[in-house]
Amino acid sequence: MSTSPDDEIVNVLSRWLARHVDDGELRDEVAAIGTGELTADQAEAVDELLVALRNGAPRGELEVAVRETLEALALG
């Protein structure tokens, strides 16, 4: 059973929120999944999250970015 890129990203974001993966793992996994099959709004949210992760944003800021990314992915 294959999963879509947005489902894969939601999965890793959920694991990060539950503290099952760290910031580096989140960054690497999301970057590996890529944004090629996402809508423009979804890709923009993912890209903004990746920038925050690469810049070493504090956990609180990352939580906001993750939740915004989840919302963008859910809305399609």
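In the block above lies the structure referred to throughout.
Chains are numbered independently. Their residues run from 1 in the order of the written sequence. A pLDDT threshold of at least 70 governs which residues receive local features in this predicted model, and a stricter bar of 80 or more applies before side-chain atom pairs are shown or counted, although totals over entire chains, interfaces and linings include all residues. Each side-chain value is derived from all of the structure's non-hydrogen atoms; neither hydrogens nor water enter the calculation.

Colleague: Would you mind going over unusual backbone geometry in detail, with residue names and values included?
Modeller: Most peptide bonds take the trans form, and the phi angle of most residues other than glycine is negative. Of note in this structure, Arg19 is not a glycine but carries a positive phi near 65 degrees. Strands here mean DSSP runs of E at least two residues long; helices mean DSSP runs of H or I at least four residues long; both are numbered from the N terminus. Mapped onto the elements, Arg19 comes out in the loop between helix 1 (5-17) and helix 2 (23-33). Three labels apply to residues, based on accessible area from a 1.4 Å probe with only protein chains included: buried if under 20% of the type maximum, exposed if over 50%, partly exposed otherwise in between. Residue class for Arg19 comes out exposed when judged on its relative accessible area of 60%.

Colleague: So what's going on with the pattern of salt bridges? Which residues, and what values?
Modeller: By definition here, a salt bridge exists when the distance from a side-chain nitrogen of Lys or Arg to a carboxyl oxygen of Asp or Glu is within 4 Å. In the structure shown here, the tally under the stated rule is three salt bridges. Its salt-bridge partner being Arg15, residue Glu29 comes within 3.1 Å of it at the nearest N-O pair. In this pair, Glu29 sits in helix 2 while Arg15 sits in helix 1, placing the two residues 14 residues apart along the sequence. Given a relative accessible area of 28%, Glu29 falls into the partly exposed group. Owing to a relative accessible area of 29%, Arg15 belongs among the partly exposed residues under this scheme. The partner of Arg59 in a salt bridge is Glu63, with the nearest N and O atoms 3.0 Å apart. Of the two residues, Arg59 and Glu63 are both situated in helix 4 (residues 59-75); the distance of four residues between them amounts to about one turn of the helix.

Colleague: Pulling in residues and values, what's your account of helix 4?
Modeller: In an α-helix, one turn spans 3.6 residues; hence positions three or four apart end up facing the same way. Helix span, expected: 1.5 Å multiplied by one less than the number of residues in the helix. When the terminal C-alpha atoms of helix 4 are compared, their 24 Å separation across 17 residues agrees well with the 24 Å that a helix rising 1.5 Å per residue should span. Three or more residues of helix 4 are buried, namely Leu62, Ala65, Val66, Thr69, Ala72 and Leu73. Buried residues along helix 4 cover an arc of 125 degrees about the axis, so they all sit on one side. Within helix 4, the exposed residues directed more than 90 degrees away from the buried face are Arg67, Ala74 and Leu75. For helix 4, the elements touching its buried residues are helix 1, helix 2 and helix 3 (40-54). Looking one or two residues past helix 4, Gly76 carries a phi angle of roughly 75 degrees, positive in sign. Directions are taken from the helix axis to each C-beta atom, and the arc is the one they span. In what follows, a contact means two residues having at least one pair of non-hydrogen atoms within 4.5 Å.

Nothing here speaks to function; it is geometry throughout.
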